[in-house]
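# Descriptive analysis of the structure
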Amino acid sequence: MKKNNNLLQVPNINSSDAQVKKLIYKVEDNLFNSHYKSSSKPEYLCVCSGGTTSSCARNGFITLDLRKEYNEIHLEKEKNLIRIGGGVIMKDLMNYLEKHNKTFPIGLSKLPGAGYILTGGISPMSRRYGLAIDNIDSIKGYLGNGTFISLEKDSLNSTQKLLWKGLKGAAPFLAIITEIGLKTFQSHPIQIIEGFVDDNELSKIINLSEGFPENLSLQWIFAERIYVYIFAEIKDDSDKEIFQNYLKQFEKFSSLKRKIYKTYNHIDFFPKELDLFELNKNNHSEVISLLGGDLKNDIQIFVSSLKEIIQNKPNSSCYIATQQLGLKTKEFDPNSSFFIHRTSTWKPWIYASWKKNDLKEREIVLNWMNESWKKLKPFFPQIHLAQIHNHLNSHEEEVHLSFGERLHELKTLKNICDPESILPPL
Ligand SMILES: Cc1cc2nc3c(=O)[nH]c(=O)nc-3n(C[C@H](O)[C@H](O)[C@H](O)COP(=O)(O)OP(=O)(O)OC[C@H]3O[C@@H](n4cnc5c(N)ncnc54)[C@H](O)[C@@H]3O)c2cc1C
């Protein structure tokens, strides 16, 4: 059989099935030539790092796959800094750091690439170390207008300051990032308390988690049943003592088990063996990520809404999951980046999946996703733009709820950095 060269091999099935116009691997001057300007259709360049989203490839669009040419990793041990290429995935970053007894607040999966870092980056460790963007030290890349940029956090001039903020949280709209310098942390053992719980137990655990200290966080998934992960980093005796006290409370949930890991890098969240949700290669999917504050007295109403949403899910692969941020992530000035919803404690995401060639089911499932979003909005009114959906009707509202009052400022920045809209439009 003839090999189809116009397919991108990536984890996201929508993107790996897309018939791209062309694949390119290097940023060269002609990338910013008149191709897009003369194009009669609104076409832009898709950028691929980890390839975990539905926006890194589209039928008839060109994809710049950064994984081949921008995959270098270099640790500056004495400075606790690591420089990674714009096409490095979190698995490679973490394996590299592990050799040096270091770590970085990556998310719940090691599959994502630089997109994870540039769009904010919420980790189970964020309550202690902040978001991924809070730990960026330097950025290199090309603006949409072709200008090469090399920015260092501590030596920004006044015009670079706004760009620096824009790149932290909204980079996909402004630039192609080819190198990121990140602060690294000493690695420590992790303890996880995990297991299936019922809705009543979930309410109690959420209630407990809203008082968690910085080294603990809660994440859970609700597909057919509910599975929770209580994460704890044990850095020193004080962490140990705090965790021991919490253990007494966790023991009340008889189905929860305790696991000990040497480092964060050894954890595999939501593994296949647990059969938490159907992982189907014949399905396409979209994900929408929400943000909101503490649930406080609304926990039970929220869990009831959740049950209703799951009861109505049209495909067994669909699910809702949530991760906890807060504490350190709340300390940063909302003006320091374009991740502006700094009062957030929870990031739930809705995973909507359908049989890939079934357009009718696609419509039903996307409708379920939007209806579920409506039901969750009173609790989580904002959006975390970790996935770009300019191929969906929800895009405009998502952009508005991500950047709020600062959307105008971001649009001005986009006009300067990417006036021809070579990169995804806002
Ligand atoms: C299994 C899984 C678990 C996840 N867990 C978490 C989590 O715990 N916390 C969290 O915050 N998010 C999480 N995410 C969301 C994920 O971090 C975002 O969707 C992120 O944007 C994916 O980045 P990517 O590089 O893998 O994807 P890609 O599809 O390659 O890129 C996504 C978009 O980002 C832009 N982009 C990527 N790299 C660059 C670059 N170098 N320069 C310019 N633009 C670029 C492109 O426009 C691209 O369309 C998870 C996603 C998955 C699939």
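First, a word on scope: everything that follows refers to the structure included in this document. Position numbers for residues count from 1 along each chain, tracking the sequence in the order it is written. The predicted origin of the model limits local features to residues at a pLDDT of at least 70 and limits the giving and counting of side-chain atom pairs to 80 or more, whereas totals for whole chains, interfaces and linings rest on all residues. Where side-chain values are given, they derive from all heavy atoms of the structure, hydrogens and water being excluded.

## Focus on the sheet that holds strand β16 (residues 319-324)
The pairing of strands in a sheet comes from backbone hydrogen bonds and takes either a parallel or an antiparallel form. Condition: We treat two strands as partners when DSSP finds at least two bridges between them. Numbering goes from the N terminus for both helices and strands, where a helix is a DSSP run of H or I of at least four residues and a strand is a run of E of at least two. Here, residues are in contact when the closest pair of their heavy atoms is within 4.5 Å. Axis definition: a line fitted to C-alpha atoms, over the contacting stretch in the case of helices. Angles run 0 to 180 degrees between N-to-C directions.
If you trace the eight strands from one edge of the open sheet to the other, you get β14-β11-β13-β12-β16-β17-β15-β18, paired in antiparallel fashion. Strands at the two margins of the open sheet, each flanked by one partner only, are β14 (257-261) and β18 (382-383). Bridge analysis of strand β11 (residues 190-197) against β14 gives five bridges, and the strand direction is antiparallel. Within β14, the residue paired with I192 across the bridge is K259. Its contacts with the sheet put helix α9 (residues 299-311) on β12 (216-222) and β16, and the angle it makes with β12 is roughly 35°. Set on the sheet, helix α11 (residues 359-376) makes contact with β15 (283-291), β16, β17 (346-355) and β18; between it and β17 the angle comes to about 165°.

## Quick notes on the sheet that holds strand β8 (residues 148-152)
Pairing is antiparallel across the open sheet formed by five strands, whose spatial order is β4-β5-β9-β7-β8. Each end of this open sheet is capped by a strand with a single partner; those strands are β4 (73-76) and β8. Strand-to-strand twist across the sheet, computed as the mean angle between neighbouring axes with direction ignored, equals 15°. Sheet analysis places strand β7 (residues 136-143) next to β8, joined by five bridges and oriented antiparallel. Across the sheet, I139 pairs through a bridge with L151, a residue of β8. Seen against the sheet, helix α3 (residues 90-99) touches β4, β5 (81-85) and β9 (175-183) and runs at an angle of roughly 35° to β4.

## Considerations on α3
What sets the pattern is the α-helix's 3.6 residues per turn: residues three or four places apart point alike. So the rule is basically this: Under the scheme applied here, a residue whose accessible area is under 20% of the maximum for its type counts as buried, over 50% as exposed, and between as partly exposed, the area being computed with a 1.4 Å probe on protein chains only. Here the arc refers to the directions that run from the helix axis out to each C-beta atom.
Those residues of α3 that sit buried are M90, L93, M94 and L97. Seen from one end, α3 has its buried residues packed into an arc of 90°, which puts them on one side. On the buried face of α3, the contacting elements are β4, β5, β6 (102-103), α4 (114-118) and β9.

## Digging into the site of the ligand
Cut-off, in case you're wondering: Put simply, a residue is near a molecule or strand once any heavy atom of it comes within 4 Å of that molecule or strand. Two N or O atoms form a polar contact when they lie within 3.5 Å of each other; inside protein one atom must be a possible hydrogen donor and the other a possible acceptor, and for residues adjacent in sequence the pair counts only when both atoms belong to side chains. Under the convention used here, a 1.4 Å probe and the Shrake-Rupley method define accessible areas, while residue burial counts only the protein chains that appear. Amino acids outside the nonpolar list (Ala, Val, Leu, Ile, Met, Phe, Trp, Tyr, Cys, Pro) and the charged list (Asp, Glu, Lys, Arg) are all regarded as polar, and Gly is one of them.
Around the ligand sit 33 residues in total, of which S49, T52, T53, I122 and A386 are the nearest. Contact between the ligand and I122: a nitrogen atom at 2.7 Å from a main-chain N or O atom of the residue. In the environment of the ligand, a nitrogen atom lies 3.0 Å from a nitrogen or oxygen atom belonging to the side chain of Q323. In isolation the ligand offers 960 Å² of accessible surface; the protein chains occlude 90% of this area. Looking at the shell around the ligand, the elements that each hand over two or more residues are β2 (46-48), α4 and β9. Among the elements that take part in the shell around the ligand, α4 stands out by supplying four residues, more than any other. Of the residues that constitute the shell around the ligand, the class distribution is 16 nonpolar, 16 polar and one charged.

## Things to note about the environment of S217
You can see S217 is positioned in strand β12. Given a relative accessible area of 0%, S217 falls into the buried group. Between the C-alpha atom of S217 and that of N280, which follows or precedes it by 63 residues, the distance is 29 Å. In this view, S217 contacts P124, R127, F212, Y229, I230, F231 and Q324; residues no more than four positions away in its chain are not counted.

Take it as geometry only, folks, not as evidence of what the structure does.
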